[in-house]
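Okay, here's what each chain looks like letter by letter:
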Amino acid sequence: MNAVLIALLVLPLLGAALTLAPIADRLALRLGVAVTGAALALSVALAAGFDHDHPSRMQAVTDVAWIPALNVRLHLGVDGISLPLLVLTALLSLLCAVYSTKRLPSGEGVPGARAFTGLLLLLEVGMLATFAVLDLVLFFVAFEIVLIPMYFLIARWGSGAKVFAANRFILYTLLGSAVMLLGFLLIGLNAGTFDMTRLAEAHGSGLSHTTQVIAALAILVGLAVKAPAWPLHSWLPDAHTAAPTVGSVLLAGVLLKMGTYGLVRVLLPIVPDGTATFAPYLGALAAVGILYGSLACLALARPGAKGDLKRLIAYSSVGHMGFVLLGIASLTPTGVNGALFANIAHGLITGLLFFLVGAVKDRYGTADLDTLAGTTGAALYGRAPRIGALLAFAAVASLGLPGLAGFWGELLAMYGAFDPAAGLSRPAFVTYMVMAGLGTLLTAGYLLLVVKRVCMGDPKQPAPVAGLSDLKAYEAVSWTPLVALTVVAGLWPALLLSLSDPAVKHLLGGG
């Protein structure tokens, strides 16, 4: 299985290299589908060969010397925490590649499909590697690989203020990564190793309390930028608004998860004392982020606000990722399991939402909610009923309807806050839980308002464009897996929790 994991990382890298050859644009797009499809097949094979009886044990391990002078090793492996994220990344990459064969972003001065496909595959390499590496230096390298491809996807294939949004994205994330690297170096130099499994087994022993606090602060700030945690989130709405559809899907579906995954993989087991010091503050920022994201979405959704649908979904991500951060801040197995479940649910649901909003924008030529809704509503139920139904489905899944994937993560995160780990202030975390509960009500309010304004209305009123088309074949292929998995995860949460729970307990216990 270690060969399968290595192939999973090498294949997209080889595909990206092939796009440097002078091949036709159509062939480049097909190459992207073939490579991402093969990567998904490898991730499924990895999941099939995974020992589900021992999900807390690292499997498919490769551990060889890479930079002996710095004691840095090429250490790869997967457990019950990283495996679902690897499969999610491979799936979303394939769906984006399939979608791009028919809806390749275009614009003045934009390169062709070869460059787009090459950047998409390079982005997949960095995303997959982030969830597979077990060395702090390698984690940083993988964390950084994704920045350049995403920068160009926004700056060259985006719309509106795309260069400004791309510059803001890379400046924020580079600064956060630099601070995170300082924390990694502090740990590695004091512990004598950058190996994440050895550091997790030590569970902070060998690192003084002061070292743990300083390292935890640096790593927390760096990862919070990518998560994104309020108030370090301000790059996100601009990036989502300007990014092409597939860029928004991968940014929300995977890149945000890299930050929260790092919190679970690095902070919780390696610097537990430092993490416990900052957990109350992380919980407070998470609760504020939940309310802030929901209120921002309500402001954008109201009539007359000229709210952009993509920007609204971006702000909703700030709120939803707040639940992930709240679960992690509780330092309990229940809360961390909820955070990991919410990670996957958010990737599925918000990925679907960005696909749908991109489709609406392609048809209407705008994502401005007031322009779409007109005086009575955009009437998608009457003009494009399948797209309207899918948008309503994604909205109710996002607001946490029981039976769909969005429900379980938020519930478990709030339950973790209700009974946080020993040493944390229960009154404070119960307050955070109440704030999060209020956030769920506000989330339902703005999403139902969006459904009302976009899906309902009089189909006989003059439409912004004539001949509005309904769901197309390539869209059905790209979106159906996300719909199906949202239902499956909602009805069968044990599919994910049975993988993550033993691994989380292992990490929290010093494994």
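Computed from a predicted model, the values in this text were never measured in an experiment. (Residues numbered from 1 in each chain as written. Predicted model: local features only at pLDDT ≥ 70, side-chain atom pairs only at ≥ 80, totals over all residues. Heavy atoms only, no water.)

A. View of the packing of helix α14 (residues 333-364) against helix α17 (residues 385-398). Contact pair α14 / α17: the axes reach a minimum separation of 9 Å and the direction vectors enclose 145°. As for the relative orientation of α14 and α17, their crossing is left-handed in sense. For the pair formed by α14 and α17, the contact residues are Ile349, Leu352, Leu353, Leu356, Val360 and Arg363 on the first element and Ile387, Leu390, Leu391, Phe393, Ala394, Ala395, Ala397 and Ser398 on the second. The residue makeup of the contact of α14 with α17, split by class, is 12 nonpolar, one polar and one charged. (Axes fitted to C-alpha atoms, helices over the stretch in contact; angles between N-to-C directions. Helix = DSSP H or I, 4+ residues; strand = E, 2+ residues; numbered from the N terminus. Left-handed = near helix turned anticlockwise from the far one by under 90°. Contact = heavy atoms within 4.5 Å. Nonpolar A, V, L, I, M, F, W, Y, C, P; charged D, E, K, R; others polar.)

B. Broad picture of the environment of Phe140. With respect to the helices and strands, the residue Phe140 is situated in helix α5 (residues 136-145). Overall, Phe140 belongs to the buried group, its relative accessible area being 18%. Here the alpha-carbon distance between Phe140 and Met456, two residues 316 residues apart in the chain, equals 47 Å. (Buried < 20%, exposed > 50% of the residue type's maximum accessible area, 1.4 Å probe, protein only.)

C. Representation of the side chain of Thr101 within the structure. Among the structural elements, Thr101 can be located in helix α3 (residues 82-102). Thr101 has contacts with Arg26, Leu29 and Val33, leaving out every residue within four places of it along the chain.

D. Layout of the packing of aromatic side chains. Across all of its chains, the model carries 15 aromatic pairs by this definition. When the ring of Tyr99 is compared with that of Tyr474, the centres are 5.7 Å apart and the planes differ by 55°; the resulting orientation is tilted. Of this pair, Tyr99 sits in helix α3 while Tyr474 is found in helix α20 (residues 473-491), placing the two residues 375 residues apart along the sequence. Grouping residues by exposure puts Tyr99 and Tyr474 together as buried. Aromatic pair Phe355 and Trp479: ring centres 6.3 Å apart, planes at 40°, arrangement tilted. In this pair, Phe355 is assigned in helix α14 and Trp479 in helix α20, connecting sequence segments 124 residues apart. Taking the relative accessible area as the measure of exposure, Phe355 reaches 0% and is therefore buried. In this structure Trp479 comes out as buried when scored by relative accessible area, which is 1%. Three or more aromatic residues joined by ring pairs form one cluster here, namely Tyr99, Phe355, Tyr474 and Trp479. (Phe/Tyr/Trp six-rings, centres within 6.5 Å; stacked < 30°, edge-to-face > 60°.)

Just distances and angles here, no functional claims.
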